[in-house]
Amino acid sequence: EYEQELKHLRDGILSALHDVEQGEGRPRTGVELAAFAELLAVAAEHNMMGKVPSLWDMFLKRQVQDARETAQSFYKQQIRSSLESHPPFPAEEFVTIVDQFATKSQQVYSQLLVGLATKEAEHGMSALEQSLADLHQQAVVSNREDIMSYLTVATAPALEEYEEAIQAVELPQPSKALRAREAEYSQAALDQMSGISQRYEAMAETLLGRRQQDMQAIADRVTSNNRALLRQVLEEGQTAAKAVHQKLLNNLLSSEGRRCVADAVLRAKHSSARTDTLAKFQSLTTVASSEDDFKLFVQATKQSLEESLAAAHPVSYTHLTLPTKR
C-alpha cells in the first residue's frame, strides 16, 4: 500500500512538472512548495535537470505574481467595503484604517511566500508597496469626496431653512434691521451645520465656508431687493410731498386772484407749506429715515419746493428771495 501511494505521488509530481513546463502550473501554497522540491528529485531521476533553472524561475515569478495579486485584491476589497460606509469615515480615521489594511495586505503577501527569501520576493514586495500607495491615495481622495457629498446633502435643509426665513421678512426694512435679521438667521444655520459636520473636522471648515458663501448670496439678493424698495419709498414720498406742496401753493395763489401776493404773506405761507410738505415726506418715508440716501432726498425735496414756488409766482418770489439793497 505504501509503495502504491509513493507511485501515485511521483506520478502526480511528473504531471505537475509537465504542466509547469507547458506554462499551466500555478503553485500557490507551502504544500505545493514541498511538492516542487519532490519535483526536483523526480526531474533528476528522469534526466530533466537541464530544465530546472528555467522552471524554477517560472515558478518563482508566478508565486510572486499570485501573492502580489492576492494581496492587492484583499486590499481593494477592504477599501471598497470601507468606502461604502454611511456616513463616511472621517478623513483621519479613514487614513488609519487603510494603513492597517496595507499592513495586513503585506502580511498576506509574506504568508503566501513563506520560506521564499529571494530577490524576486523582495522585488515583489516593493512593487506591492508602490501599488498599495497608489491605491491608498485614490481611496483617500474618494473618501474626501464622499465626505463632502455627504455634508452637502446633510446641511442642505439648514440652508433651505435660512433661505425661507430671510425671504419671509417683510420688506422694505431699515438696512440695519435687515442686517441684524440676516446675521441672526445665518448664525442659527451655521450652528446647525456645525453640529452636523463636527465629526469631520478636517472637512468642516471647507464645507462651512461654502455654506457661508451660499447664505451670503441669498442675503445679497434680499438686500438688493430691500434697497430698491427703500429707494422706491423715498421716491414715492418725494412725489407725494411735492403734490402736497403744490396744492398748498395753488390754494395760496388762487386766494389772491390776479393780485400780487404780498411778500410778508408769501413768506409766511411758504414757510408753513414747506413745513407741512417736509412733515408729509418724513411720515411717508419713516422706514428709510436711517438710510444714507434719506438726507439726500430731503435736500432734493427742499430744493424742489423752492424751485416750484419760484416757477409758480416769480414776481412775488423774487421779492422774497432777492430783496433790493439800499
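Here the structure is a predicted model, which means the values were calculated and not measured.

With that settled, consider the overall build of the chain. Counting secondary structure elements, the chain contains 10 helices and zero strands. Start at the N end of the chain and walk to the C end: the helices and strands fall as α-α-α-α-α-α-α-α-α-α. Taken across its 326 residues, the chain has 33% of its residues classed as buried. The contacts in the chain between residues at least 6 apart in sequence include a share of 78% that link residues at least 24 apart. Total accessible area on the chain is roughly 19700 Å²; 51% of this is exposed by carbon and sulfur atoms.

Our focus in this paragraph is the nonpolar core. One finds Ile147, Leu151, Tyr162, Ile166, Met193, Met203 and Met215 to be the most contacted residues of the largest nonpolar core, which totals 21 residues. Of all the secondary-structure elements, those providing two or more residues to this core are helix H5 (119-167), helix H6 (175-197) and helix H7 (201-255). Among residues more than four places away in sequence, those in contact with Tyr162 are Glu182, Tyr185, Ser186, Ala189, Met215, Ile218 and Ala219. Counting 20 residues, the second-largest nonpolar core is a separate cluster that includes Phe101, Leu113, Leu132 and Leu135.

This part covers the confidence of the model for the chain. Of all residues in the chain, 71% attain a pLDDT of 70 or more, and the chain-wide mean is 80. Ranking the elements of the chain by mean pLDDT puts helix H10 (residues 314-321) last, at 45, and H6 first, at 95. Ignoring residues within four places in sequence, the model shows residues 25-29, a span with pLDDT below 50, making 12 contacts including any to other chains. For the stretch residues 315-326, pLDDT sits under 50, and the model shows 13 contacts to residues farther than four places along the chain or on other chains.

On to the environment of Thr103. Within the secondary structure layout, Thr103 lies in helix H4 (residues 91-112). Expressed as a C-alpha distance, the spacing of Thr103 and Tyr75, which sit 28 residues apart in the sequence, is 9.4 Å.

What counts, and where the lines are drawn
- Per-chain numbering applies: the sequence of each chain, read as written, is numbered from 1 onward.
- Only residues with pLDDT of at least 70 are given local features in this predicted model, and only at 80 or more are side-chain atom pairs given and counted; all residues enter the totals for whole chains, interfaces and linings.
- Water and hydrogen atoms were dropped before computing side-chain values, which therefore reflect all heavy atoms in the structure.
- The secondary structure listing takes helices from DSSP runs of H or I that are at least 4 residues long and strands from runs of E that are at least 2 residues long, numbered from the N terminus.
- For each residue, the accessible area found with a 1.4 Å probe, counting protein chains only, is set against the maximum for its type, and the residue is called buried under 20%, exposed over 50%, and partly exposed in between.
- We call two residues contacting when some pair of their heavy atoms lies within 4.5 Å.
- For the accessible areas, the method is Shrake-Rupley and the probe is 1.4 Å, while residue cover comes only from the protein chains on display.
- The set of buried Ala, Val, Leu, Ile, Met, Phe, Trp, Tyr and Cys residues whose side-chain atoms join them within 4.5 Å is what this entry labels a nonpolar core.
- pLDDT measures the predictor's confidence residue by residue and takes values from 0 up to 100.

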